[in-house]
Amino acid sequence: MSNPSVALPEALGFLFEKSRYKVAYGGRGSGKSWSFARALIVKAAEKPIRVLCARETQHSIQESVHKLLSDQISQMGLAELFEIQQTRILGRNGSEFTFAGIRQQSIANLKSFEGVDVCWVEEAQVVTKRSWDVLIPTIRKPGSEIWITLNPDLDTDETFKRFIADPPDDAIVRKVNYVDNPWFPPELEKERQLLKRRDPTEYETVWEGNC
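(A) Summary view of empty space enclosed by the protein. What the rule picks out here adds up to one cavity of 30 Å³ or more. The greatest single-element share of the lining of the largest cavity, amounting to three residues, is contributed by strand S2 (residues 50-55). Tallied by class, the residues present in the lining of the largest cavity amount to five nonpolar, two polar and two charged.

Rendered as structure tokens:
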């Protein structure tokens with residue numbers, strides 16, 4: 001069921017269901033990233049949780065979803081519940097958002113993530129087999145979840161094979177595109193139509209989320 005306290009596209013209401021893996025894939029303009037951010041903010045406001053926001057590589061905090069989360073906290077009117085720090089976001093109730101590049105973590109550093117409640121892996125189409133093999137066993141707290149967003153590229157990519165072509169049993173996998181986003185802006189609609197006219201093949205990947 002969806003949480004009535006947060007506005008999300010109906011196709012992403014599954015974020016409030018219980019599952020080890022929650023996967024949203026598709027093209028541009030679907031609202032995947034900001035919906036994941038909003039759902040995590042609501043969860044972090046309701047009770048203390050630890051959230052790791054991961055990606056394959058992260059050379060600076062600017063490459064993370066830190067700003068996206070900060071912006072959504074402000075837009076949702078929840079600024080009084082969180083402290084936005086330079087490299088972390090802390091909830092007044094004890095919740096914590098941290099940010100990391102998987103490839104850059106040593107085994108010792110990864111051990112610090114064992115207590116994570118939710119790991120959100122953004123831009124997951126580029127995450128390698130090695131990174132998944134290292135990350136997944138680290139997220140081991142009872143009831144912990146791994147959330148995954150990606151715009152697919154090749155059907156031979158590790159993330160596509162592992163979570164879309166042949167997903168785990170305890171996974172909710174949804175393809176979400178611009179048509180599923182009731183707040184899809186007219187500016188993006190112009191870009192969508194332009195690419196569809198100029199390069200129909202690239203359009204299928206960029207906007208329809210097809211490999």
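(B) Up close: the pattern of salt bridges. Using the criterion set out here, one finds 13 salt bridges in the structure. Here Lys 141 and Asp 117 are joined by a salt bridge, their closest N and O atoms 2.8 Å apart. Taken together, the positions of Lys 141 in the loop between helix H4 (129-138) and strand S7 (145-150) and Asp 117 in the loop between helix H3 (107-110) and strand S6 (118-121) put the pair 24 residues apart, joining distant regions of the chain. On the basis of relative accessibility, which here comes to 33%, the residue Lys 141 falls in the partly exposed class. Salt bridges sharing partners connect three or more residues here, namely Lys 129, Asp 133, Glu 158 and Arg 162.

(C) Representation of the environment of Glu 63 within the structure. Mapped onto the secondary structure, Glu 63 falls in the loop between S2 and helix H2 (66-75). The exposure class assigned to Glu 63 is partly exposed, which follows from its relative accessible area of 33%. When the C-alpha positions of Glu 63 and Gly 101 are compared, they lie 9.4 Å apart, and in sequence the two are 38 residues distant. In contact with Glu 63, not counting residues within four places along its chain, are Arg 55, Thr 57 and Gln 58.

(D) Just the pairing of S2, in detail. Of all six residues that make up S2, five are buried, and the element is covered over most of its length. Across six bridges, S2 lies against strand S5 (residues 96-101) in parallel orientation. Opposite Arg 55, over in S5, you have Gly 101 as the bridge partner. In terms of strand pairing, S2 meets S6 through four bridges, oriented parallel. Bridge pairing in S6 places Leu 52 opposite Cys 119.

Rules used in this analysis
- Every chain is numbered on its own, with residues counted from 1 as its sequence reads.
- The model is predicted, so local features are restricted to residues of pLDDT at least 70 and side-chain atom pairs to those at 80 or more, both for listing and for counting; the totals for chains, interfaces and linings are taken over all residues.
- Hydrogens and water are ignored here; the side-chain numbers use all heavy atoms of the structure.
- The way it works is a 1 Å grid over only the protein atoms, where trapped points that fit a 1.4 Å probe form a cavity and open points with protein on both sides within 12 Å along at least five of seven lines form a pocket, and then any residue with an atom within 4 Å of a point lines it.
- Grid points are joined across faces, edges and corners, and a volume is the space filled by probe spheres set on the points.
- By definition, any uninterrupted DSSP run of H or I lasting at least four residues is a helix, any uninterrupted run of E lasting at least two residues is a strand, and each is numbered from the N terminus.
- Under the convention adopted here, Pro, Cys and the residues Ala, Val, Leu, Ile, Met, Phe, Trp and Tyr are nonpolar, Asp, Glu, Lys and Arg are charged, and Gly plus all remaining residues are polar.
- Only one rule defines a salt bridge in this text: a Lys or Arg side-chain nitrogen within 4 Å of an Asp or Glu carboxyl oxygen.
- Each residue is placed in one exposure class: buried if its accessible area under a 1.4 Å probe, protein chains only, is under 20% of its type's maximum, exposed if it is over 50%, and partly exposed if it falls in between.
- Any two residues having at least one pair of non-hydrogen atoms within 4.5 Å are treated as being in contact.
- A strand pair is defined by DSSP finding two or more bridges across the two strands.

These results come straight from atomic positions and should not be treated as a statement about function.
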